[in-house]
Each structure stands twice: as C-alpha cells, then as structure tokens.
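# Per-entry structural report
As a plain string of letters, each chain reads:
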Amino acid sequence: MSTVELTAVSRWYGNVVAVNDVTLTISPGVTGLLGPNGAGKTTVLHLMAGLLAPSQGTVTIDGKPAWRNPEMYRDLGLVTERESVPGFLTAWEFVLASAKLHKLPNPEEAARRALAIVELHDAQDRRISTYSKGMRQRTRVAAALVHDPTVLLLDEPFNGMDPRQRMHLMQLLHKMADEGRTILFSSHILEEVEQLSGTVQVIVAGRLAASGDYRHIRRLMTTRPHQFSITSSNDRLLATVLIGQPSVSGVSLERDAVQVQASDYGTFTRALAKLAREQDIRLTSVLPSDESLEMVFSYLVAT
Ligand SMILES: Nc1ncnc2c1ncn2[C@@H]1O[C@H](COP(=O)(O)OP(=O)(O)OP(=O)(O)O)[C@@H](O)[C@H]1O
C-alpha cells in the first residue's frame, strides 16, 4: 500500500504559476483530481510521476522523493493524457515491450496478466489500429500496469470514451483499488468523479480548493443558490408570483428575462412548473445561468 504526498508544492513555468502551494495526501483507493481546464491537474500528476521537479516543496511516494528517483518507477504507473499508441502493433506486442522496458524477469507472463486485468486478452493479437478508443485506452492502462505498480496515475482517462467504455474502465479502477492500489485520476467532469470516487482533491487555478469526501464537497456546491434565466409569455406576472416562493431567494425583472436565485434546484423547478400552470403563463425558456463548471469551482474557491 502506497501513499503519495505533496508538501507545500509550487511549480511555475516562467511567469505562469501552474501549482501554487499545494499540500495533499493520496491514500490507497480511488481518488479523483478534479479541476477546470488549465487548473494544474496535469502538472500535479507529472510532479507525482517524477517527470517534473517542484519549484518549491516536496513530492514523495512512501516518504521517498519522486524527483530524480528512478527506483520509484518500480511502484508507479502513469497513463498520460494525449499519447497515441502505435496502431501497427498488437496490444500484446505493445504491452510486452513495456514489460521488457521494465526489465521484468518474466515479461510474457507480466504482459498476459496485465492484458487480462483490462480484459483485452481476447483482442490482444489484433492491431491496435482496429481498436475502439476505449480499447486503446485500456491498452495504455495495461502497459502502465505491467509491472504491477502500487500507484497508478491517470490523466483524463475517460476523455472521448462512450458511456459503456467509461463504465468498464471505472469498474476496472475500482477492482484495482480493492486490491490495495493507490489510484489517482484527473477529470474536469464532476459527474465522472462522482461515479468513480468518494474522495476528491479539487484544484482551481493551481490551488487546492477542496479536499476530502465528494458528498461533502457536493453539498457545499448545492447549498449555493442556483441562478436561472427565464423567459415567458408574461415575465412581469411570473416575477411577482415567484417572489412569494419559499425556494426563491431573489428575483429581478430584466428587459428580456426574469433572473431568479433559487436555494434548491429540485423544489424550485417543480414549483415553477406548477405556478406557470396555475397562472396560465407559458414558459419559453428556463436556463440555469450558473451551471458551468467554472462557476461551481469558483463557488468552491470562495468557501
Ligand atoms: N510547459 C508549459 N509551459 C508554460 N505553461 C504551461 C506549461 N504546461 C502547463 N502550463 C500552464 O500551467 C497551467 C496548468 O496547466 P496544466 O496542464 O497542469 O492544467 P490542467 O488542469 O491539466 O489542464 P487541462 O485540463 O487543460 O489539461 C496552465 O495555465 C497552463 O497553460
């Protein structure tokens, strides 16, 4: 069982501060590294994988530094974000090459085991160019797993996968976590993280914005008011009746829409439909105006 630790870590590229004074611990199990695009997730993963030196602070795996420590690769696997797999090889050849690079005593056996873990053994002798996106991703996971690492880092592993492929990879990561591995995957999609992991580290603009149990963090998000922009056949009447609703904390009538702040998403949307029916108001659009991920993250940063 392995633990990855960042202590007061900063990393900058020239003038750009990509990671800013981050302290966190990743324990065995599945952890999601969540953050909007450009938040610093890849930089954090690369620091953990020893591909980048911290500008300040320390990154350790089981107490040993990740930087300039080739020994650590015995226990670590990394699946990078955008790395193509050579289509002219079969998965067997690709994973076997990875096993040989690791100088494993029995590379064939290791490749067989890794391909079985990702359930690619049936297709292992086909060229990778004939694979689906999900199968290619699983091939890369197998190559990263071939030396049976205790720590597996995955950068946006679900990008471009269809729901079935996602489900399959999620089950796979859970299975590996149940075996005692420490698995960290990055994502900018909240729902992905919700489905896969109870524990998250949220990073926004290079800083750790929240850390811990996903449900708790999600609650922090949902206790924030929801903003809606609504257009209807009678905006003035709609604004007047909405003011009296318990789930509504603010209403403003604008030139072409009613802006509403609601404390609870479900209660408000149900009440809105009922009110519109009762008052004979036709709703032409109901748009959440703060549902973007960046907005949710900015709430977190403000807490
Ligand atoms: N080699 C580099 N040189 C200069 N700036 C960089 C470099 N790599 C990353 N950055 C900057 O550092 C910040 C963090 O980038 P990083 O790739 O770690 O974020 P990310 O959360 O993984 O983003 P994405 O989800 O888009 O991959 C960004 O502002 C990015 O532009």
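Just so it is clear, the model here is predicted, and its values are computed rather than measured.

So, on to the overall build of the protein. A tally of helices and strands in the protein yields ten helices and 14 strands. Judged by the C-alpha coordinates and their principal axes, the protein covers about 75 × 45 × 35 Å. In the protein, which comprises 303 residues, the proportion classed as buried is 37%.

The subject of this paragraph is the site of the ligand. In the vicinity of the ligand, the contacting residues are Y13, V16, A18, G35, N37, G38, A39, G40, K41, T42, T43 and H188. Put simply, the parts of the chain that give the shell around the ligand at least two residues each are β2 (16–26) and α1 (41–48). If you tally residues by element for the shell around the ligand, the top one is α1, at three residues. A per-class count over the shell around the ligand returns four nonpolar, seven polar and one charged.

The next subject is the sheet that holds strand β4 (residues 56–61). Neighbouring strands of a sheet are bound in pairs by backbone hydrogen bonds; such pairs are parallel or else antiparallel. Spatially, the four strands line up as an open sheet ordered β2-β1-β4-β5, and their pairing is antiparallel. Edge positions in the sheet fall to β2 and β5 (64–65), since each of these pairs with one other strand and no more. As judged from the seven bridges shared by strand β1 (residues 4–13) and β2, these two strands associate in the antiparallel manner. When the sheet's bridge partners are listed, L6 is paired in β2 with L24.

Along the chain, R127 turns up in the loop between α3 (107–117) and α4 (133–145). Spatially, the C-alpha atom of R127 lies 34 Å from that of P28, the residues being 99 residues apart in sequence.

The rules behind each value
Residues numbered from 1 in each chain as written. Predicted model: local features only at pLDDT ≥ 70, side-chain atom pairs only at ≥ 80, totals over all residues. Helix = DSSP H or I, 4+ residues; strand = E, 2+ residues; numbered from the N terminus. Buried ≥ 20, exposed ≤ 12 C-beta atoms within 10 Å, placed from the backbone. Near = placed C-beta within 6 Å. Nonpolar A, V, L, I, M, F, W, Y, C, P; charged D, E, K, R; others polar. Pairing = 2+ DSSP bridges.

So yeah, pure geometry; function would need other evidence.
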